[in-house]
Amino acid sequence: MIKTILVPATGDDGDAAVFAVALAVARAFAAHLDFLHIRVDAVALAATMTAEGGSGVMVSGLIDRIEEDSDRREAAAKAAFDGFCARAGLALADSPSAGKAPSAAWRRETGAEPDWLVAHGRAADLIVLGRPGAGDGAGSGTLEAALIDSGRPILLAPAAPLPELPDKVAIAWKEVPEAARAATAALPFLARAKEILVLAVEEEGAPAEPAERLARALAWHGAPVSLHRLPPGAEGAGETLLAEATKAGALLAMGGYGHSRLREWVFGGVTRRVLRSAEVPVLIAH
């Protein structure tokens, strides 16, 4: 069950899509939303930027400019949070109440974004992030840190705001631990799904039994299950998986490798479109 959701509040345009999908999850599970704004450490950033040299006056002026920009971003993030909570009717709360309605809280930290996101994310059931390059959502470094170091599943918001969660779930399947963890992370979504799709991209010499076993096991969750064997396609497995999930209007759950770079995911690399412009939410577990 999902009861606590971490939602970065950056003050950028991409927040709208992230807030919307987080609210859709919170409403589905009567969950609490922790909105986290991470303010840069102006002194540390200025020191890094002027490490090659520079006068004290230059450093002081740079710190002032960074602080001004941080003030602007924090004010924008807090205004977006306040307006969103008011429109959504979210009660502000720091502890559970007897009610079953979603609630929200505002958190603020100063320092490195990946570090604070991981620290807060480890205590949450789910982390909702924007896509790199989509309205200045999570950068690749932040997304990679959250995926690999938090130990929590990540839900990537689609490029456009999502009014409600899809009632279908697609599992991208390959017989590896990461895919199995993604299927486990998807269990709360499977419990409310009206249809479950197992998507298996065909690989030469790969046995058919693993996908069939998963389909049989998922049938015990009560929703109709269908197994889809997909050709890899000219643009690769990632594009094939995304196209199938988009066609079905399903939330896509997939494993995320992390032994190398973030882009080196299931089936040798999920395309940039999965990161940047998917039309469906994507749940990733490492």
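The following refers to the structure shown.

What counts as what
Residues numbered from 1 in each chain as written. Predicted model: local features only at pLDDT ≥ 70, side-chain atom pairs only at ≥ 80, totals over all residues. Heavy atoms only, no water. Helix = DSSP H or I, 4+ residues; strand = E, 2+ residues; numbered from the N terminus. Buried < 20%, exposed > 50% of the residue type's maximum accessible area, 1.4 Å probe, protein only. Salt bridge = Lys/Arg side-chain N within 4 Å of Asp/Glu carboxyl O. Arc of directions from axis to C-beta. Contact = heavy atoms within 4.5 Å.

### Focus: the environment of Asp82
Tracing the backbone through its elements, the reader meets Asp82 in helix α3 (residues 56–88). Taking the relative accessible area as the measure of exposure, Asp82 reaches 37% and is therefore partly exposed. Taking C-alpha positions, Asp82 is 9.9 Å from Leu92, a pair spaced 10 residues apart along the chain.

### Section: the pattern of salt bridges
All told, the structure shown has 13 salt bridges when counted by the stated rule. In this structure, the salt-bridge partner of Arg73 is Asp12, at a minimum N-O distance of 3.0 Å. Of the two residues, Arg73 is situated in helix α3 and Asp12 in the loop between β1 (4–8) and α1 (15–29); the sequence distance between them amounts to 61 residues. A salt bridge links Glu244 to Lys247; the shortest N-O distance between them is 3.6 Å. Here the residue Glu244 and the residue Lys247 both occupy positions in helix α9 (residues 237–248), the gap between them amounting to three residues, near one helical turn.

### Points about helix α8 (residues 209–218)
Note on helix geometry: an α-helix contains 3.6 residues per turn, so any two residues three or four positions apart are oriented the same way. Where α8 is concerned, the buried positions are Pro210, Ala211, Leu214, Ala215 and Leu218. Along the axis of α8, the buried positions cluster into a sector of 135°, meaning they face one direction only. Contacts made by the buried residues of α8 are with β7 (168–172), α7 (187–191), β8 (195–201) and β9 (225–230).

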